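# Notes for the structure review
Letter by letter, the chains look like this.
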Amino acid sequence: MKGDTKNLGFSTRAIHAGQAPDPTTGSVTVPIYQTSTYIHEELGVHKGYEYARVQNPTREALQDNIADLEGGIAGHAFASGMSAIATLLTTVKTGEHVVCSQNVYGGTYRFFHHILERYGLSFSWVNSPDLGEIERAMTPKTRLVYIETPTNPMIEVTDIAGAARIAHSHGAKLAVDNTFMSPYFQRPLEHDADFVIHSTTKFLNGHSDSIGGALVAKSADDAEWFSFVQKSEGAILSPFDSFLVLRGIKTLGVRMDRHEINARAVADLLKRHPKVRSVLYPGLADHPGHDLQKRQASGFGALIAFDLGSEDAARSFLNRLQVLSLAESLGGVETLISHPASMTHASVPVERQAKLGITRGMIRVSVGIEDLNDLLADLDRALSVA
Ligand SMILES: Cc1ncc(COP(=O)(O)O)c(C=O)c1O
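Parameters at a glance
Residues numbered from 1 in each chain as written. Predicted model: local features only at pLDDT ≥ 70, side-chain atom pairs only at ≥ 80, totals over all residues. Helix = DSSP H or I, 4+ residues; strand = E, 2+ residues; numbered from the N terminus. Buried ≥ 20, exposed ≤ 12 C-beta atoms within 10 Å, placed from the backbone. Pairing = 2+ DSSP bridges. Axes fitted to C-alpha atoms, helices over the stretch in contact; angles between N-to-C directions. Contact = placed C-beta atoms within 7 Å. Domains from an automatic or database assignment. Nonpolar A, V, L, I, M, F, W, Y, C, P; charged D, E, K, R; others polar. Parallel < 35°, antiparallel > 145°, perpendicular 65-115°, else oblique. Left-handed = near helix turned anticlockwise from the far one by under 90°. Near = placed C-beta within 6 Å. Core = buried A, V, L, I, M, F, W, Y, C linked by C-beta atoms within 7 Å. Right-handed = clockwise from strand over helix to strand, strands pointing away. pLDDT = per-residue confidence, 0-100.

### Some details on the overall build of the chain
- Regarding its fold elements, the chain presents 14 helices and 12 strands.
- Referenced to the eigenvectors of the C-alpha coordinate spread, the extents of the chain come out at roughly 75 × 50 × 35 Å.
- Taken over 386 residues, the chain has a buried fraction of 49%.

What follows is the structure in structure tokens.
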């Protein structure tokens, strides 16, 4: 694409931003530059590419594309969502403090609590939808407020602009894991966040065939630091995975629209079903975060949690599904359903699970883009025998 993308719509940018036709052939699709190094024409003369841990055109196209969609100054792509998070946390030093949503992804909790605390970083775990809890946890040593919204799997919504106000008034920065919403529905930097994280493994790639992560910064200083860490730590996204995620993003808008249409219908079915004790979906008018979600995002997404009352009921329901796939992860074209207590959140101690509200009967579903009638029929059949 030639020129500035500023005035273009989301899907036009998703398809074109960062993706100039290949200079050698004019290839419309960014090629997979599967190389580890680049030739120097003569000593000291090269095309700006020296070694592929540091520069790779396929990865750069993806990084520019995600930065454009999130409205950041630069993006960096990593080998996983966790390595994007690890890079972000290099902005916090020994003796400094982070205020973190208590309901973050289990792997994020494991990394912060079991690894970073060994290096002298400290964490306060707060119920972030209550901004008062964030405010009370702030200390003179707090450098970062870290939230997911909506959270996983309790589907709680945090006020991004409110959290940014608190962080900034204490000289700290705000990071938002935007994996669940994707920039199609929610752009945290527009609400004053400083960093956006993605597990590109999920909706951005969208096809359950790549593990990756991205980190988008708002300031040039932060972006420069992340480039330095990326080349030093080396947890880069491969050229092939960069290609896959770029390709996935081209259909992000149409996929997210369909995910949401299906999710709303699944949430309605679950809500009406006598065997379902409770349903958490921000698109339901009685969800406590419904109005806030409408204000800060343009959609409600595809993640739903519901409770069948006991692990036995959850097991017999899950074992009878035929179209929905029992698997960890989320954000793929296929509907993925899981039991957080024993799968995604197994690394969270049982007492902590109970405190967070993760029950043994809880099920999380990431609604895919299959034919809705097939999803509803499968759910109904499995619920009837649960
Ligand atoms: C919200 C969220 N953030 C981060 C991650 C970590 O991403 P990855 O599995 O790509 O390392 C996950 C993984 O499930 C996630 O759900």
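### Overview of unusual backbone geometry
- Residue Pro150 follows Thr149 across a cis peptide bond; omega there is -5°.
- Assignment of secondary structure puts Pro150 in the loop between strand S4 (142-148) and helix H6 (160-169).
- In this chain, Asn152 is followed by Pro153 through a cis amide linkage whose omega measures 0°.
- Note on placement: Pro153 falls in the loop between S4 and H6.
- Not every positive phi belongs to a glycine, and Ile155 is a case in point at roughly 55°.
- Summarising the element assignment, Ile155 is placed in the loop between S4 and H6.

### Some remarks on the sheet that holds strand S1 (residues 74-78)
- With mixed pairing, the 7 strands of this open sheet are ordered in space as S1-S7-S6-S5-S4-S2-S3. What marks the edges here is a single partner per strand, and that holds for S1 and strand S3 (122-126). Ignoring which end each strand starts from, the neighbouring axes of this sheet average 20° apart.
- Summarising the sheet, S4 and strand S5 (residues 173-177) pair through 5 bridges and their orientation is parallel. The residue bridging Glu148 from the neighbouring strand is Asp177, located in S5.

### Section: the environment of Ile363
- Checked against the element boundaries, Ile363 lands in strand S12 (residues 362-366).
- Between the C-alpha atoms of Ile363 and Met181, which are 182 residues apart in sequence, the distance is 19 Å.
- Apart from the residues within four sequence positions on either side, Ile363 is in contact with Ala305, Phe306, Leu308, Ala314, Leu318, Ile337 and His339.

### Topic: the domain arrangement of the chain
- Domain parsing of the chain yields domain 1 (10-250) and domain 2 (252-385).
- A C-alpha centroid distance of 26 Å is found between domain 1 and domain 2.
- Each side of the interface is counted separately: domain 1 has 33 residues, and domain 2 has 33 residues.
- Breaking the side of domain 1 that touches domain 2 down by element, the ones donating at least two residues are helix H1 (10-16), helix H4 (106-115) and helix H7 (182-185).
- Of all the elements, H4 adds the most residues to the side of domain 1 that touches domain 2, at 4 residues.
- Within the side of domain 1 that touches domain 2, the residues separate by chemical class into 17 nonpolar, 12 polar and 4 charged.

### Regarding the packing of helix H3 (residues 81-88) against H4
- For the pair H3 and H4, interaxial distance at closest approach is 11 Å and the crossing angle is 40°. Classified by the interaxial angle, the pair formed by H3 and H4 is oblique. Crossing of H3 over H4 shows right-handed handedness. Where H3 approaches H4, its residues Met82, Ile85 and Ala86 are matched on the opposing element by Gly107, Thr108 and Phe111.
- A class-by-class count of the residues in the contact of H3 with H4 yields 4 nonpolar, 2 polar and no charged.

### Considering the site of the ligand
- As a matter of local geometry, the ligand sits amid 13 residues, with Ser80, Gly81, Met82, Ser199 and Thr201 nearest to it.
- For the shell around the ligand, the class distribution of residues is 3 nonpolar, 8 polar and 2 charged.

### A word on the nonpolar core
- Val145, Leu215 and Ile304 are the most contacted members of the largest nonpolar core, which has 102 residues in total.
- In terms of domain composition, this core takes at least three residues from each of domain 1 (10-250) and domain 2 (252-385).
- Residues contacting Val145, with those up to four places away along its chain left out, are Val99, Ile134, Ala163, Ile166, Ala167, Ala172 and Leu174.

### Some details on the packing of helix H2 (residues 57-70) against helix H9 (residues 239-250)
- Their axes nearest at 8 Å, the elements H2 and H9 cross at an angle of 35°. Between H2 and H9 lies a crossing of left-handed hand. Contacts from Thr58, Arg59, Ala61, Leu62 and Asn65 of H2 reach H9 at Pro239, Ser242, Phe243, Val245, Leu246 and Ile249.
- Across the contact of H2 with H9, the residue classes break down as 7 nonpolar, 3 polar and 1 charged.

### Comments concerning the pairing of S4
- Across the 7 residues of S4, 6 count as buried, placing the element largely inside the fold.
- Sheet topology places strand S2 (residues 97-101) next to S4; 4 bridges connect them, and they run parallel. Note that in S4 the partner of Cys100 across the bridge is Tyr146.
- Read as a crossover between parallel neighbours, the route from S4 over H6 to S5 is right-handed.

### Description of the confidence of the model for the chain
- Averaged over every residue, the pLDDT of the chain is 96; residues scoring 70 or more account for 99%.
- Ranking the helices and strands of the chain by mean pLDDT puts strand S7 (residues 213-217) first, with 99, and helix H13 (residues 350-356) last, with 89.

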